[in-house]
Amino acid sequence: MNSPTALPALHSVSVAGAVVREDGRVLAIRRADNGTWEPPGGVLELTETVEDGLRREIHEETGLKVGVGQLTGVYKNMTRGIIALVFRCHPEDGAEQLSPESTAVAWLTPDEVADRMGEVYAVRILDALRPGPPRIRSHDGHHLTAPEHPA
């Protein structure tokens, strides 16, 4: 039970796509603001659905239009209060291009994902490639902080 003086919990919700080609390679971007490799995605706008926000973010960052598939994971950044929903997606149309948010767009193998991405981003892609229910994980922005929980 919350005390009367406790502030309500404030979270933002982000979405990311594990866009998988037929050959098993996964789409990734190198972010312009910090140079890290991540799956494409971003913060949902208040008036859009989860799927529409995901399609918008991927298209803005990569130039690709995608089909949205299964939810593969829910990830909470315990430090910043960000909930990230990750979906397996497939490319439908368009060509890879850079944006103000990305300095590189690449199709990576699972091994390249593990080598190039930090732990909390690589696990999102690797979880999306594994069969089974969505994973639920917590992290501090850099490292996982709790064991995996299937949904």
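The structure this text deals with has already been given above.
My aim in this report is to walk through the structure given alongside it, one point at a time. (Residues numbered from 1 in each chain as written. Predicted model: local features only at pLDDT ≥ 70, side-chain atom pairs only at ≥ 80, totals over all residues. Heavy atoms only, no water.)

Broken down by element type, the chain carries 3 helices and 9 strands. The linear arrangement of helices and strands in the chain, starting from the amino end, is β-β-β-β-α-β-β-β-α-α-β-β. For 151 residues, the compact-globule estimate of 2.2 N^0.38 gives 15 Å, and the C-alpha radius of gyration of the chain, at 15 Å, lies within 12% of that figure. By principal-axis analysis of the C-alpha atoms, the chain measures approximately 55 × 30 × 30 Å. (Helix = DSSP H or I, 4+ residues; strand = E, 2+ residues; numbered from the N terminus. Rg over C-alpha atoms; globule rule 2.2 N^0.38 Å.)

Attention shifts here to the environment of I125. Mapping I125 onto the fold places it in helix α3 (residues 119-129). For the pair formed by I125 and A16, sequence separation is 109 residues and the distance between their alpha carbons is 9.4 Å. In this view, I125 contacts G17, A18, V26, P39, V113 and M117; residues no more than four positions away in its chain are not counted. (Contact = heavy atoms within 4.5 Å.)

To continue, consider the packing of aromatic side chains. Under the definition given, this model contains 0 aromatic pairs. In this structure, R116 is placed above the aromatic ring of W37, and the distance from its NZ or CZ to the ring centre is 5.1 Å. (Phe/Tyr/Trp six-rings, centres within 6.5 Å; stacked < 30°, edge-to-face > 60°. Lys NZ or Arg CZ within 6 Å of the ring centre and 35° of its normal.)

Strand order in the open sheet formed by 3 strands is β3-β2-β7, and the pairing between neighbours is antiparallel. This sheet does not close on itself; its edge strands, each paired only once, are β3 (37-38) and β7 (102-108). In this sheet, β7 lies alongside strand β2 (residues 26-31) in antiparallel orientation, the contact comprising 6 bridges. Residue pairing in the sheet places I29 in a bridge with V105 of β7. Along the sheet, helix α1 (residues 50-62) contacts β2 and β7; its crossing angle with β2, the most-contacted strand, is approximately 65°. (Pairing = 2+ DSSP bridges. Axes fitted to C-alpha atoms, helices over the stretch in contact; angles between N-to-C directions.)

From the geometry alone we can't say anything about function, so treat these as descriptive.
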